[in-house]
Amino acid sequence: MSDSDRSIQVLLVDDEENILKSLQRLLIDEEFEVHMAASAEQGIAALTGLHNVGLIISDQRMPGMNGSEFLQYCREAVPNALRILLTGYSDISATIDAINKGGACRYISKPWNDAELVQTIRDAVRQYALLRENSRLNELVRQQNEELQEWNRNLKGRVLEQTTAIRQKNEELHGLLKRVKEDYDAIIAVFSGLVEMHGGKLRQHSRNVADLSVNAARELGISGNDLETIRIAALLHDIGEIGIPERILSRDRDAMNADELKEYQQHPIRGQVAIDTIEGLRPAGLLIRHHHENLDGSGFPDKLAGDAIPLGARIIAFADRIDKASETCRGDIADQALVKAGLVVGAQLDPSLQKAFSTVSRYTYLSLGVEDKELVEVELDPKELKEGMFLSRDVSSASGILLLSRGVALDETKLASIRRNYELDAPPHGVFVMVRR
């Protein structure tokens, strides 16, 4: 860390003295200033005397002002400081508030891993330092441009020198932003898992729906941001079920009384609202809202029909129906689930999607016992793998750490993970995937 970074201040806020002391011990050798406060109110008071706060870490559950409210205040008072929330997995609403309202860059679950916590804090301080340095360099470039006439002879060389420095800083910042994106994807996955846990779903329903939806969308030629929107919406399509009593979720819709059905039918709207304050997730929120609409207009919540239903929502609805049908299937799971879903094609599901799902469904349920005589297993070098291939065996490191399970569809992130694993701890064989004859 450079000398200019030594003055960066980190504020820790927690009403439990033992936690503050524990954090202070962990950070005692770090090259930044650590300040502590035993409540949100004390934290606010402390901010008035600090002049270079780069990171604020707050516990959620505190008397008086809670962590989400405190981070929301900090967002206004010290907007350039990064913010992290300490919370438990059960505090999902507080976590959402901290991200949406408090602008938290991430949250850390209790109990934490000491090494991971320290590394997270270091990364946040380094990111703040880079942003501050990048801002300084941009200001320097602005000043030099104002001196254009005076420095005309030497301007080209000076600009090239500064541009090189900015490019280097931006490359470092790009690496940190990539890590933020990975943390963002991890948060989406955690939310998806919490939905399944809340609904008592023992299988990976959200992930199956996401795999089916993404692979069917690829078959239809969808790519880029539209494909990513479908993936996120599929993972979070049932997030609105959080808060609905288990006694309702455990019943078939036909067995619900009028009040229960009314509450259940609100969950697509609640799902959209839950993520709407995150501007980047609004397109996914629209698909979540409409994934229970039926082609004939008999669905909910808005009674949309036909092409008025967004294509992504129609894809997720088809995938949702297939995966729910698969729960009672044995043997050729994909074929049986497709037959069951086909019973409502035309009335509820879009018939134009049937061919795409017939192609990709067998891949999703490969790990559940599906057999396809057109598929053969091959062993490939990691460099030969391509997006859309499906693992026929688990991928593990040479030391026995499981990286990916069989039946997983490969995408850009998974391919990068596999190749990185083979660079660091390669097993004595290639990667086994299913391909067509």
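The model shown is predicted, which means the values in this text are computed figures rather than measured ones.

Undergrad: Help me understand the sheet that holds strand E3 (residues 53-59) in this model?
TA: The pairing of strands in a sheet comes from backbone hydrogen bonds and takes either a parallel or an antiparallel form. Strands sit in the order E2-E1-E3-E4-E5 across an open sheet of 5 strands; the sheet is parallel. Each edge of the sheet is formed by a strand with only one pairing partner; in this case those strands are strand E2 (33-37) and strand E5 (106-109). With strand direction ignored, the average angle separating the axes of adjacent strands in the sheet is 20°. Strand direction decides the pairing type here: strand E1 (residues 9-13) and E3, joined by 5 bridges, are parallel. Note on E3: the bridge partner recorded for Val10 is Leu55. Across the sheet, helix H2 (residues 40-47) lies against E1, E2 and E3, angled at about 160° from E1, the strand it touches most.

Undergrad: Where do I start with the packing of aromatic side chains in this structure?
TA: The way to describe two aromatic rings as a pair is by their centre distance and the angle between their planes. The tally for this structure, following the rule as stated, stands at 2 aromatic pairs. Centroid distance Tyr264 to Phe300: 6.2 Å. Interplanar angle 65°. Geometry classified as edge-to-face. Of this pair, Tyr264 sits in helix H10 (residues 258-264) while Phe300 is found in the loop between helix H12 (282-289) and helix H13 (311-326), placing the two residues 36 residues apart along the sequence. In terms of burial, Tyr264 and Phe300 fall into one category: buried. A centroid spacing of 4.7 Å and a plane angle of 15° characterise the contact between Phe318 and Phe357, whose relative ring orientation is stacked. Taken as a pair, Phe318 in helix H13 and Phe357 in helix H15 (residues 354-364) lie far apart in primary sequence, 39 residues in all.

Undergrad: How should I be thinking about the pattern of salt bridges in this particular structure?
TA: Where charged atoms of side chains with opposite charge meet at close range, the side chains can pair. Applying the stated criterion to the full structure yields 19 salt bridges. Put simply, Asp59 and Lys110 hold a salt bridge, and the shortest N to O gap is 2.6 Å. With a gap of 51 residues between them, Asp59 in strand E3 and Lys110 in the loop between E5 and helix H5 (114-146) connect regions that are remote in the sequence. Taking the relative accessible area as the measure of exposure, Asp59 reaches 3% and is therefore buried. Given a relative accessible area of 29%, Lys110 falls into the partly exposed group.

Undergrad: Teacher, can you tell me more about the pairing of E3 here?
TA: Consecutive side chains of a regular strand alternate in pointing toward one face of the sheet and then the other. Counting buried positions along E3 yields 7 of 7 residues, so the element is predominantly enclosed. You can see the chain leave E3, run along helix H3 (residues 67-77) and come back into strand E4 (residues 82-87), and the turn it takes is right-handed.

Undergrad: Any chance you could explain the nonpolar core here in plain terms?
TA: One recurring pattern in soluble globular proteins: nonpolar side chains tend to sit buried together. Of all hydrophobic cores here, the largest spans 39 residues; its most connected members are Leu236, Ile315, Phe318, Ile322 and Phe357. Broken down by secondary-structure element, the contributors of at least two residues to this core are helix H7 (205-219), helix H8 (224-235), H12, H13, helix H14 (333-342) and H15. No other element matches H13, which puts 8 residues into this core. Counting 22 residues, the second-largest nonpolar core is a separate cluster that includes Leu12, Ile19, Phe32 and Val125.

Cut-off values and rules
Residue indices follow the written sequence of each chain, beginning from 1 at its first position. Thresholds applied to this predicted model are a pLDDT of at least 70 for local features of residues and 80 or more for the giving and counting of side-chain atom pairs; totals over whole chains, interfaces and linings are not thresholded and use all residues. As a convention, hydrogens and water are excluded, and side-chain values are obtained from all of the structure's heavy atoms. Between any two strands, pairing holds if DSSP finds at least two bridges. A run of H or I in DSSP becomes a helix once it reaches four residues, and a run of E becomes a strand once it reaches two; helices and strands are each numbered from the N terminus. Fitted lines through C-alpha atoms give the axes, limited to the stretch in contact for helices. The angle between two N-to-C directions lies from 0 to 180 degrees. The criterion used for residue contact is that any of the two residues' heavy atoms lie within 4.5 Å. Pairing of aromatic side chains requires ring centres within 6.5 Å, counting the rings of Phe and Tyr and the six-membered ring of Trp. Pairs whose planes differ by under 30 degrees are stacked, by over 60 edge-to-face, and all others tilted. Burial classes: relative accessible area under 20% of the type maximum marks a residue as buried, over 50% as exposed, and values in between as partly exposed (1.4 Å probe, protein chains only). One side-chain nitrogen of Lys or Arg within 4 Å of one carboxyl oxygen of Asp or Glu is enough to make a salt bridge. Looking down the strands as they point away from you, a crossover is right-handed if its path from the first strand over the helix to the second goes clockwise. Side-chain atoms within 4.5 Å link the members of a nonpolar core, which is a set of buried Ala, Val, Leu, Ile, Met, Phe, Trp, Tyr and Cys residues.

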